[in-house]
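Residues per chain, in single letters:
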Amino acid sequence: MLDPATPSPVDLKDFSAYIASCAAIADQRLQGYAGIEAVARDEAALNEYPRLGRLRPPQDVLIIDQPSPAALDAARQSLLRGEVLLEHACAGEATRLGLGPKYLLSPASDLTPAVLRDMGLGKLAVKPAALSAMSLGRRHMLQLAWDLGVLAQEAGLSPDTVLGRQWLLIIVGETSAERIMADFSQANFYGFDPAKALFMIQRSFHGLDLRPGGGWAYDLAAPKRLHNHGQMLMQSTMNRQILRIDSGGKRFLEWDEYRMLLEGMVDKVSFNIEDLGYLNGALDLTGLATALELGGQGFGMVMEVVANNPRNPQKGGALYHDPQLGRDVMIESFQLRGVRNEDIAFLNKNINHYPNPAKMAAEVRRRGLSMPVSVKNGYLYFQPVQGDVNFLLPTAFVRRALLEPISAWKSAADTEAALKAMLMQERRPGFMTWAENITGLRLQKV
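Please read all numbers here as calculations on a predicted model, not as lab measurements.

Things to note about unusual backbone geometry
Stage number 1. The backbone of N356 shows a phi angle near 60 degrees, a positive value even though the residue is not glycine.
Stage number 2. In this structure, N356 sits in the loop between β16 (352-355) and α13 (357-367).
Stage number 3. A residue is classified by how much of its surface remains accessible, and N356, at 31% relative accessible area, is partly exposed.
Stage number 4. For N377, which is not glycine, the phi dihedral falls at a positive 55 degrees.
Stage number 5. Take N377: it is sitting in the loop between β17 (373-376) and β18 (379-382).
Stage number 6. We classify N377 as exposed; its relative accessible area is 59%.

Here we look at the packing of aromatic side chains
Stage number 1. Under the counting rule described, the total for this entry stands at twelve aromatic pairs.
Stage number 2. Taken together, a centroid distance of 6.3 Å and an interplanar angle of 25 degrees make the contact between Y103 and F184 stacked. One end of the pair, Y103, is in the loop between β2 (84-89) and α5 (107-110); the other, F184, is in helix α9 (residues 177-186), with 81 residues separating them in the sequence. The two residues Y103 and F184 agree in class, both being buried.
Stage number 3. With centroids separated by 5.2 Å and ring planes inclined at 90 degrees, the aromatic side chains of F184 and F199 adopt a geometry described as edge-to-face. Taken as a pair, F184 in helix α9 and F199 in strand β4 (residues 197-202) lie far apart in primary sequence, 15 residues in all. When sorted by exposure, F184 lands in the same class as F199, which is buried.
Stage number 4. Among the aromatic residues, those joined into a ring-pair cluster are Y103, F184, F189, Y190 and F199.
Stage number 5. One residue, R225, lies across the ring of Y381, its end atom 5.9 Å from the ring centre.
Stage number 6. The positively charged end of R428 is found above the aromatic ring belonging to F431, 4.9 Å away from the centroid.

Side note on the pattern of salt bridges
Note on pairing: side chains with opposite charge can pair once their charged atoms come close.
Stage number 1. For the structure on display, the rule yields 23 salt bridges.
Stage number 2. A salt bridge links R259 to E263; the nearest nitrogen and oxygen atoms lie 3.8 Å apart. Note that R259 and E263 are positioned in helix α11 (residues 255-263) at a spacing of four residues, about one turn of the helix.
Stage number 3. Where salt bridges share partners, they join D3, R51 and D322 into one cluster.

Focus on the pairing of β2
Stage number 1. Among the six residues that make up β2, five are buried, leaving the element largely enclosed by the rest of the structure.
Stage number 2. One ladder, built from six bridges, connects β2 with strand β11 (residues 267-272); its direction is parallel. Its bridge partner lying in β11, H88 is registered against F271.

Cut-off values and rules
- Residues numbered from 1 in each chain as written.
- Predicted model: local features only at pLDDT ≥ 70, side-chain atom pairs only at ≥ 80, totals over all residues.
- Heavy atoms only, no water.
- Helix = DSSP H or I, 4+ residues; strand = E, 2+ residues; numbered from the N terminus.
- Buried < 20%, exposed > 50% of the residue type's maximum accessible area, 1.4 Å probe, protein only.
- Phe/Tyr/Trp six-rings, centres within 6.5 Å; stacked < 30°, edge-to-face > 60°.
- Lys NZ or Arg CZ within 6 Å of the ring centre and 35° of its normal.
- Salt bridge = Lys/Arg side-chain N within 4 Å of Asp/Glu carboxyl O.
- Pairing = 2+ DSSP bridges.

Next comes the structure, spelled out in C-alpha cells:
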C-alpha cells in the first residue's frame, strides 16, 4: 500500500540525488521481493490507497458558477497585469494514441486513412484533411493569445501590451524539446514576450533493476521513460531547470530566480494540452476568480472536478472523502485497486490552480511527492502524480452546477470530439486571419 499523505522523502537537490532517492525508496518498499516479475504481479497492491475500503462520496465540493463581480474583476486585472503564471504541460507522448508528442500532433497530416483504420475509427463527421495543418500545440497557444487579446480589448488596452506582460512556463519532453522551442521561434512566440516565455525539459529516466546480491540499482541499459507529471512538478523546483531562449541561446534560471518569479504571481494555473474545452475558451475567469478568493483563505491548491464520460469512462484523479483524514481527497485511479473507470463519478479536470505558488513549490521541494511504482519492459519506474499536492497543502475542490463530462483527447474514442473542437476554432470569425498575422505564418488551407 502507498499513502500519498505521508510520502517517503525525495531529495530534489539534483538528478543524482533524485535517482538515489528512487533506489532507496525501492529498497525500502520492495524488501522481500526476489525479482521484477514478483513486483509486477503485486503492482496494484503496492500502489493501493491504504484507506481504500473506507472511502466515501465527497462531502465538501464548492459550486462556483456565480462569483461576485468584485472577484471576477480581480481575476481580469490579475491577467491583464500578467500576475498569473500560465503553465502548459506539453511533455506527454500520447501513448494511448500512439502518434508521438501531443504538442506536435497535427490531424491533417498524422490522421491518415491508414492510421484511422488502425485506431478502429470509421466514418467521421469531420475529416482530418479538412483542417488546417496546425499542430495541437499551435492551436493551444493561439487560443490563449486570442482570448487574452479579447480580454485586453474589452478593458480598452492594447492586445500587444497585455500579451507582452504574460509569463508562460512550457513543459516539454526530451524527444520533442528542440522542435517545440523551434515552433515558438517560427511562430513569433505567438505574440508573447520571448523573455517571459520559460521552458523546462522534463527528464526521462532509465529503469531500476534488482541486483543479484540484493538492492535496487539504476540500470543504464534499461529504456528511458518519463516519471509522470508529478516528477515534472518536482523537477521544476530543482536548480537550473527553468530556461529562457535569448540571442545567446538558452539561459537557465537558478532556483532562487524562479522562486522570486513565483513570489510575484498571485496564481499558477496548470493547463493540460489535450483538454478540448480549452480550444474554444482558454481563459476561465470563474475558475480564476474562485482560486484567488480561496488562495486568500489559505488554500494552496484548487482542483476542479467534472463528471466521467459514460460513453468513454476515463481513468485519472478521482475525488472521494477520506473519513480518517477528515477531508475530501483526490486519488489517482491506479491507487483504486478494483475500482473500474466507469465506477469513478468525479474526475479531476486536469486544469489546476496553485494560488500562492511560491509556497506550493517550496513545500514540494522540501517534501517531494508520493512515489507509486510501475513495471515496464521488465524494469521498475516511478509514477508520481502532480495532483498528490492535495495531500501536502490545504486544497479546495470545486465544480460547476451542471456537471459536464470530461473532454480531453486521450484515446482513439476522443478523436471525433477533438476534430470537432478544432474545426469550431478555425471557423471562429477572423481567427485564422488573425493567427496568420500574429505568427507571420501561412496557416489557412488553400
